[in-house]
Amino acid sequence: EFVAGARVVALGEPTHGAHEVFELKHRIVRYLIEEHGFTAIAMEANLPESRSVDGFIKGDGDDAIAALSELYEIWNTRGMLELVEWLRRHNETSTHPVSLHGIDVQSPWSAAREVLEYLEKARPDLYAIAQGLYAPALALEHDWNPAGLARVAPTLRRDAGRALDLLERSIDGGHAASGDEAWVLVNARAVVQLAESHYDNLPSRDQSMAENALRLLEDPDARIVLWAHNSHVIKAEPSRHDSAPMGAYLARALGDAYRPIGIAFSEGESRAVDPDTGTWVSYQLPLMPGTMGAELGRLGVPMFFLDIRGLRNVPDAAWLSREQVFRWAGAATRSTDHYLVPAEAFDGLVFFSRISPAQTP
């Protein structure tokens, strides 16, 4: 019932490093594909690098770990490896193979290189021009820092836009593109999106991710499982936050066809990066009284799914329409409190009383 009519089911997570989250998402992804015909997985992963995993699940190569290594390191877990291997087995026998797409834009270099490699072979007359246009970004590849990228963002935005325009005009306006041509246009747009996300008063990273997810829905039969952090999938702006999340853009575009599921926890440990050493460690997340996870933990039920959509008119569930404190962590050894109205942020909520660190492949 929860899935009926949905074109995008978004699976959030309170931290990128919990074993239980990976296992649960694996099960939900399988269920949505096998029982409801979902056609694609869209991940919080840099767009160009995801192609290696998509290729693997469609039969290219034999090394799943090597394919996963192209993604953000947070996804290099045993849980993700098991999912990728299952997707490959599914595609081997399915008449409707599933695809996997990165929708994030956190660095421009891989996307720019994809464009240049295509032009060097297919349009050498445009190769040198594009190389010059991407030069400000490529110069930072081995000395990446947010401040440096912000400094070149105005120039990169202008020049990446010119490169995209060149490609669109050379590939029949971009309307009939397919195969390698379509892929190179996607990457050219990703460089523009990256520049815009680092430039004042222009679309954010979250809006770019929403645009990339919506592009996958241009196929009228497409149904997407979206995999990202809670902070990205929420469909209403946090009440104490200024920028709109990806989910708000998707909800605006899709209405009730967008169904976000958040995840909360009481306590435990997460696999995270120590910013001082750059190594993966087990990060302690003790019980924090007053948070959503701590309050749900008082029920004494170790794990459950709550269909918030079905409780909005239930008097005893009125507290779901009041602001609550959600505790979130990312990939690093730190956590923050976010103030959200659960009924406005999510359609469903999964609770774990305790989480443990994700395991390496």
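It should be noted that the structure appears before, not after, this text.
A quick note: this is a predicted structure, and the numbers were derived from the prediction, not measured.

A. A look at the overall build of the protein. When its secondary structure is counted, the protein shows 13 helices and 10 strands. Over its C-alpha atoms the protein spans a radius of gyration of 21 Å, differing by no more than 12% from the 21 Å that the globule rule assigns to 361 residues. Here the C-alpha coordinates of the protein stretch approximately 65 × 45 × 40 Å along the principal axes. The buried share of the protein, reckoned over its 361 residues, is 52%. Sequence separation of 24 or more characterises 73% of the internal contacts of the protein that already satisfy a separation of 6 or more. When the accessible surface of the protein is totalled, it reaches about 16300 Å², and 49% of it is carbon and sulfur.

B. Structural detail: the nonpolar core. Counting residues in each nonpolar core, the largest one holds 46 residues, and the members touching the most others are Met-43, Val-53, Trp-75, Met-80, Val-84, Leu-87 and Phe-352. Each residue touching Trp-75, except ones within four places of it in the same chain, is listed here: Glu-13, His-16, Phe-22, Met-43, Glu-44, Ala-45, Leu-68, Met-80 and Trp-227. One finds Ala-210, Val-233, Leu-254 and Leu-306 within the second-largest nonpolar core, a separate group that totals 40 residues.

C. Layout of the pattern of salt bridges. Going through the model one piece at a time under the given rule, you end up with 19 salt bridges. Here Arg-205 makes a salt bridge to Glu-44, at a shortest N to O gap of 3.1 Å. Pair noted here: Arg-205 is in helix α9 (residues 205-216) and Glu-44 is in strand β2 (residues 40-46), with a separation of 161 residues, a long-range link. Using a relative accessible area of 24% as the deciding quantity, one classes Arg-205 as partly exposed. Two residues, Asp-165 and Arg-169, come together in a salt bridge whose shortest N-O distance is 2.9 Å. Of this pair, Asp-165 and Arg-169 both sit in helix α7 (residues 146-170), 4 residues apart, which is roughly one turn of the helix. On the basis of relative accessible area, Arg-169 is assigned to the exposed category, the value being 57%. Members of the salt-bridge network, linked through shared partners, are Glu-44, Asp-104 and Arg-205.

D. Structural detail: the pairing of strand β1 (residues 8-11). Going residue by residue along β1, you find Val-8 and Ala-10 tucked away on one face and Val-9 and Leu-11 tucked away on the opposite face as well. Both β1 and strand β4 (residues 224-227) contribute to a ladder of 4 bridges, which runs parallel. Looking across to β4, one finds that Ala-10 is bridged to Leu-226.

E. Here's a closer look at empty space enclosed by the protein. Under the definition given, this model contains 3 cavities of 30 Å³ or more. Considered as a void within the structure, the largest cavity measures approximately 40 Å³ in volume. With 3 residues, the top contributor of residues to the lining of the largest cavity is helix α1 (residues 19-36). Residues belonging to the lining of the largest cavity are distributed by class as follows: 6 nonpolar, 1 polar and 1 charged.

Reading the values: rules and limits
- Positions within a chain are numbered from 1, following the residues in the order the chain's sequence is written.
- Selection of residues for local features in this predicted model requires a pLDDT of at least 70, selection of side-chain atom pairs for listing and counting requires 80 or more, and totals for whole chains, interfaces and linings are taken over all residues.
- Values reported for side chains reflect all heavy atoms of the structure, with hydrogen atoms and water molecules removed beforehand.
- Only DSSP runs of H or I covering at least 4 residues are called helices, and only runs of E covering at least 2 are called strands; the numbering of each starts at the N terminus.
- Radius of gyration here is computed from C-alpha atoms only, and the compact-globule reference equals 2.2 Å multiplied by the residue count raised to the power 0.38.
- Using a 1.4 Å probe on the protein chains alone, a residue whose accessible area is under 20% of its type maximum counts as buried, one over 50% counts as exposed, and one in between counts as partly exposed.
- By the convention used here, residues are in contact when the closest approach between their heavy atoms is within 4.5 Å.
- Here the accessible surface of atoms and residues is derived via Shrake-Rupley with a 1.4 Å probe, and residues count as covered only by protein chains that are part of the display.
- We call a set of buried residues a nonpolar core when its members are Ala, Val, Leu, Ile, Met, Phe, Trp, Tyr or Cys and they connect through side-chain atoms within 4.5 Å of each other.
- Take a side-chain nitrogen of Lys or Arg and a carboxyl oxygen of Asp or Glu: if they are within 4 Å of each other, that pair is a salt bridge.
- At least two bridges found by DSSP between two strands is the condition for calling them paired.
- Cavity and pocket criteria rest on a 1 Å grid covering protein atoms alone: a 1.4 Å probe that fits but cannot get out defines a cavity, protein on both sides within 12 Å along at least 5 of 7 lines defines an open pocket, and an atom within 4 Å of a point defines a lining residue.
- Grid points are joined across faces, edges and corners, and a volume is the space filled by probe spheres set on the points.
- In this classification, the charged set is Asp, Glu, Lys and Arg, the nonpolar set is Ala, Val, Leu, Ile, Met, Phe, Trp, Tyr, Cys and Pro, and all remaining amino acids, among them Gly, are polar.

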